[in-house]
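Structural characterization, general
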Protein chains: 2
Amino acid sequence: MSLGLVYYTGTLRGNGDMRHVIGIDAGGTATRAVLLDETGHCLGYGRSGAGNPTSAGARLAVSNQVIATLAAVGQSAITPDLVMLTLAGGLGHESAAPLADALADAGLHTAVEVTGDVMSAYFSATAVPTGYLVLSGTGAISARIVDGELDGLADGIGWLLGDEGSGFWIGHRVVRAAAADLEGRGPTTALTPLVMALVDDEALPDEDVRRPEVWKVMRRVYGRRPVECAEYAPLAFRAAASGDPLATEILEGALAGLLTSCGSLVGDDDRPIVLAGGLLYDGGPLSDGLKERYPGRCLRAHDGTAGAALLGLRAVGAAADADTLARIHATLAPLQ
Amino acid sequence: MSLGLVYYTGTLRGNGDMRHVIGIDAGGTATRAVLLDETGHCLGYGRSGAGNPTSAGARLAVSNQVIATLAAVGQSAITPDLVMLTLAGGLGHESAAPLADALADAGLHTAVEVTGDVMSAYFSATAVPTGYLVLSGTGAISARIVDGELDGLADGIGWLLGDEGSGFWIGHRVVRAAAADLEGRGPTTALTPLVMALVDDEALPDEDVRRPEVWKVMRRVYGRRPVECAEYAPLAFRAAASGDPLATEILEGALAGLLTSCGSLVGDDDRPIVLAGGLLYDGGPLSDGLKERYPGRCLRAHDGTAGAALLGLRAVGAAADADTLARIHATLAPLQ
């Protein structure tokens, strides 16, 4: 435990005999980076803004990746052997060179590897190198990992083409159901007053053929990006909890979509299945449904930064077992 | 019949004893305008580009409305008593003043009224002042017309919130089904090769976890506006015609959506039901389904310009009966 302190005092320069890595979890809202040694001891932590080039744009994303990295290095004077960058859709590897170049410009000469956030989510929960991931947040994706490498994906192809069982998928159905109810062409549902509470501030046009409630929903939904329909997903969980049949049906459909996606990848084995994303919270109907289908195999994902850290250790050939992961979690939390 | 010729020679200036109107059908691609006299004789016709402010922007839309109007007036020297502008979503009436002002700037001082394209579609097929409309094109809407006024709408609230049974609704399901098939998490369907033929030119990223076919679909779909998913709708009709079960199921769902929407408006009476939009073509499965549900009541919509013309005559108090509509159709066609 004193190792981290020594590095931070600045009395030792350089890396000593230890290898070090940085793991980065670059998301659409925040970027988090952790510096750790080869035993899994986390030594430094840094945060910055949006780090995903798809949503933030390439320049801003790389800048935020650099900021988080430099913040994690801090005063330690450690040059990591590798930076492991994990980000949504980070499968094309074209994000490695821009970050390596930008870090070199900032005086940090290090190798960079990139992989997807499905990998960091998986390895946040387990060090077992072969297993599966099911994620449902704004989007939804399933993955198969074999010997620490991404081996297969199902869905995760975005709100317009797929993302079955995601927050968008659910929220989209919620707001459509409310609109149909308001227009009198769909069943009455407890979702409608919940949606109206969200859209009530919208202005009305000078028109009186449609109900004003319908206009408010239209103004709200078309005034935002389509993917923001995910904001209505929590209403399905609330309405289903109070027995609304339509909300229950929507969540059953979401679970069926997730089971179909992961079922196309998951083998009839005893490998772990990591559940990630805000909609697969413990005790919720979707995670309960997955646990019922795959009893004894489901683990809840933790902080993706921990998974990125473990992937970094794997990549430099350090031990990356359950003890290492436990040490990462134990030493990362106090830094955050 | 000679009346039109006389006006066009320019030997008579002004309107004589006749009232005249212009009907405009302003669409997302083209704007068409017709000048006619109070008996329903069409005297002049003009075309221009996109005339719907929602898709083309307000300035361009108004310019194209003016161009089509001036082209319809042509050398006739007739000042119409009224311009009846019909356009999608034209229920807020805020489009009347900009067109009236722009026409006055161009030297044509005339009153302008605005109504929705559901009205022009309905009155393109019948002069009966009370009845119903079911439209399925890129979007889908149902309407109830009472005494020549729009009395109620169902759906038509856009691709993200509604448009059940529309080209978008169908095409979206087609391309999602193809993606699920390609990923091995959905049934095999004849839709997939049809979609692939459309997306085959798309470039591929440097990534090998997903099948290249999946990437091609993603690049195509996310490279265009979401509503352009309507381009895949015709594939459902083709695949269903050759017996594909999934395509058949999609079209059955579309028909169910249309029946639900119009069923929320249509009374148990014998009023006409006008079928409009490219997907309700004669002999197709959707129009057949509607005719089966409402035997003997369904009429196919014609050119919306004719409906706008009839609405213009109604608005100035001229006769607007079946004979008038027949005369509009008979004299409009040779001008086009």
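Residues numbered from 1 in each chain as written. Chains lettered and ligands numbered in written order. Predicted model: local features only at pLDDT ≥ 70, side-chain atom pairs only at ≥ 80, totals over all residues. Heavy atoms only, no water.

From N to C terminus, chain A includes 13 helices and 10 strands. Against the compact-globule benchmark of 20 Å for 336 residues, chain A has a radius of gyration of 22 Å, which places it among compact chains. Principal axes of the C-alpha set define a box for chain A whose edges measure 75 × 50 × 35 Å. Classification of the 336 residues of chain A by burial places 56% in the buried group. Taking the intrachain contacts of chain A between residues at least 6 apart in sequence as the baseline, contacts between residues at least 24 apart amount to 64%. Accessible surface, chain A as shown: approximately 13,400 Å² in total, 52% of it carbon and sulfur. (Helix = DSSP H or I, 4+ residues; strand = E, 2+ residues; numbered from the N terminus. Rg over C-alpha atoms; globule rule 2.2 N^0.38 Å. Buried < 20%, exposed > 50% of the residue type's maximum accessible area, 1.4 Å probe, protein only. Contact = heavy atoms within 4.5 Å. Areas by Shrake-Rupley, 256 points an atom, 1.4 Å probe, with all protein chains shown as cover.)

Under the definition given, this model contains 30 salt bridges over all chains. Here B:Arg220 ties to B:Glu231 by a salt bridge, and the two come within 2.8 Å at their closest N and O atoms. Of this pair, B:Arg220 sits in helix α8 (residues 212-222) while B:Glu231 sits in the loop between α8 and α9 (233-241); the two residues are 11 residues apart in sequence, bridging distant segments of the chain. Judged by relative accessible area, which is 11%, B:Arg220 ranks as buried. Ionic pairing is found between B:Glu231 and B:Arg224, a salt bridge with its closest N-O pair at 3.9 Å. Here the salt bridges do not stand alone but share partners, grouping A:Asp155, B:Glu183, B:Arg185 and B:Arg210 into one network. (Salt bridge = Lys/Arg side-chain N within 4 Å of Asp/Glu carboxyl O.)

Residue and element names in this part refer to chain A. The mixed open sheet is built from five strands, whose spatial order is β3-β2-β1-β4-β5. The outermost strands of the open sheet, each flanked by one partner alone, are β3 (42-48) and β5 (111-116). Pairs of neighbouring strands in the sheet enclose a mean axial angle of 15 degrees, with direction left out of account. Helix α5 (residues 117-125) rests against β4 (82-87) and β5 of the sheet, and its axis sits at about 85 degrees to β5. Helix α13 (residues 322-332) rests against β2 (31-37) and β3 of the sheet, and its axis sits at about 60 degrees to β3. (Pairing = 2+ DSSP bridges. Axes fitted to C-alpha atoms, helices over the stretch in contact; angles between N-to-C directions.)

Judged by nonpolar contacts, the single largest core of 102 residues is most densely connected at A:Ile170 and B:Ile170. Discounting residues that sit within four places of it in the chain, B:Ile170 has contacts with B:Gly165, B:Ala233, B:Ala236, B:Phe237, B:Ile250, B:Leu251, B:Ala254, B:Leu279 and B:Leu286. (Core = buried A, V, L, I, M, F, W, Y, C linked by side-chain atoms within 4.5 Å.)

Take chain A, turn it by 180 degrees, move it 0.1 Å along the axis, and it overlays chain B with an RMSD of 0.1 Å. Taken together, the turn and the small shift mark the pair as related by a two-fold rotation axis. Ranked by how close their C-alpha atoms come to the rotation axis, the residues of chain A are headed by A:Pro226, at 4.7 Å. Interface overlap between copies: 100% of the residues of chain A at the interface are likewise at the interface in chain B, consistent with a symmetric, same-surface contact. (Least-squares fit on C-alpha atoms with pLDDT ≥ 70 in both.)

This part takes up the pairing of strand β9 (residues 273-276) of chain A. All names here are of chain A. Burial along β9 is two-sided: the face carrying Ile-273 and Leu-275 and the face carrying Val-274 and Ala-276 are both buried. Of the strand pairs in this sheet, strand β6 (residues 131-136) and β9 are connected by four bridges, and their pairing is parallel. The residue bridging Leu-133 from the neighbouring strand is Val-274, located in β9. With three bridges connecting them, β9 and strand β10 (residues 298-300) associate as parallel partners. Of the residues in β10, the one forming a bridge with Ile-273 is Cys-298. Tracing the backbone out of β9, into helix α11 (residues 285-293) and back to the parallel element β10 gives a crossover that is right-handed. (Right-handed = clockwise from strand over helix to strand, strands pointing away.)

With that settled, consider helix α6 (residues 167-183) of chain A. All names here are of chain A. For α6, with 17 residues, the first-to-last C-alpha span of 24 Å sits near the 24 Å given by 1.5 Å per residue. In terms of residue burial, α6 counts as a mostly covered element, since 16 of its 17 residues are buried. Two to three positions downstream of the cap, the backbone nitrogen of Phe-168 sits 3.3 Å from a side-chain oxygen, assigning the N-cap of α6 to Ser-166. (Expected span 1.5 Å × (residues − 1). Polar contact = N/O pair within 3.5 Å; in protein donor to acceptor, adjacent residues only side chain to side chain.)

The next subject is the packing of helix α9 (residues 233-241) of chain A against helix α10 (residues 245-263) of chain A. Residue and element names in this part refer to chain A. At a minimum axis distance of 8 Å, the contact between α9 and α10 shows a crossing angle of 125 degrees. What the angle tells us is that α9 and α10 run oblique. The interaxial crossing formed by α9 with α10 has left-handed handedness. For the pair α9 and α10, the contacting residues are Ala-236, Phe-237, Ala-239 and Ala-240 in the first and Ala-247, Thr-248 and Leu-251 in the second. Within the contact of α9 with α10, the residues separate by chemical class into six nonpolar, one polar and no charged. (Parallel < 35°, antiparallel > 145°, perpendicular 65-115°, else oblique. Left-handed = near helix turned anticlockwise from the far one by under 90°. Nonpolar A, V, L, I, M, F, W, Y, C, P; charged D, E, K, R; others polar.)

When its domains are assigned, chain A resolves into domain 1 (2-128 + 302-335) and domain 2 (167-271). Here the C-alpha centroids of domain 1 of chain A and domain 2 of chain A sit 37 Å apart. (Domains from an automatic or database assignment.)

This brings us to the interface of chain A and chain B. Often the size quoted for an interface is simply the accessible area lost on bringing the parts together. Facing 40 residues of chain A, the contacting portion of chain B comprises 41 residues. Both sides of the chain A and chain B interface together cover about 3,300 Å² of buried area, and 60% of this is carbon and sulfur. Considering only the side of chain A, the residues that lose the most area to chain B are A:Leu160, A:Leu161 and A:Arg185, jointly responsible for 25% of the buried surface there. Here chain A is connected to chain B by four salt bridges. Here A:Arg176 ties to B:Glu164 by a salt bridge, and the two come within 3.1 Å at their closest N and O atoms. (Buried area = accessible area lost by both parts, 1.4 Å probe.)

Our next topic: the environment of A:Gly277. Here A:Gly277 shows up in the loop between β9 and α11. Not counting residues within four places of it along the chain, the set of residues in contact with A:Gly277 comprises A:Leu135, A:Ser136, A:Gly137 and A:Arg300.

The strands that make up a sheet pair up through hydrogen bonds in the backbone, lying either parallel or antiparallel. Residues and elements named next belong to chain A. Across the sheet, which stays open at both edges, the five strands sit in the order β8-β7-β6-β9-β10 with mixed pairing between neighbours. The open sheet terminates on both sides in strands that have one partner only, identified here as β8 (149-155) and β10. Direction aside, the axes of adjacent strands within the sheet are offset by 25 degrees on average. As defined by bridge partners, β6 adjoins strand β7 (residues 140-146) across six bridges and the pair is classed as antiparallel. If you follow Leu-135 over to β7, its bridge partner there is Ile-141. Relative to β9, α11 is tilted by about 175 degrees, and along the sheet it contacts β6, β9 and β10.

Here the focus is unusual backbone geometry. Positioned with a positive phi, B:Asp155 is a non-glycine residue whose angle comes to about 60 degrees. Position of B:Asp155 among the secondary structure elements: in strand β8 (residues 149-155).

Let us look at the packing of helix α7 (residues 191-199) of chain A against α9(A). Residues and elements named next belong to chain A. It is at 9 Å that the axes of α7 and α9 come closest, and there the two elements cross at 145 degrees. Between α7 and α9 the crossing geometry is right-handed. On α9, the residues that touch Leu-191, Leu-194, Val-195 and Leu-198 of α7 are Leu-235, Ala-236, Arg-238 and Ala-239. Here the residues of the contact of α7 with α9 are counted per class, giving seven nonpolar, no polar and one charged.

In this section: the packing of aromatic side chains. All names here are of chain B. Counted according to the given criterion, the structure contains seven aromatic pairs over all chains. Measuring from centroid to centroid gives 5.7 Å for Phe-237 and Tyr-281, while their planes differ by 55 degrees, and the two rings are tilted. Taken together, the residues span a long stretch of sequence, with Phe-237 in helix α9 and Tyr-281 in the loop between β9 (273-276) and α11 (285-293) at a distance of 44 residues. A relative accessible area of 13% places Phe-237 in the buried class. (Phe/Tyr/Trp six-rings, centres within 6.5 Å; stacked < 30°, edge-to-face > 60°.)

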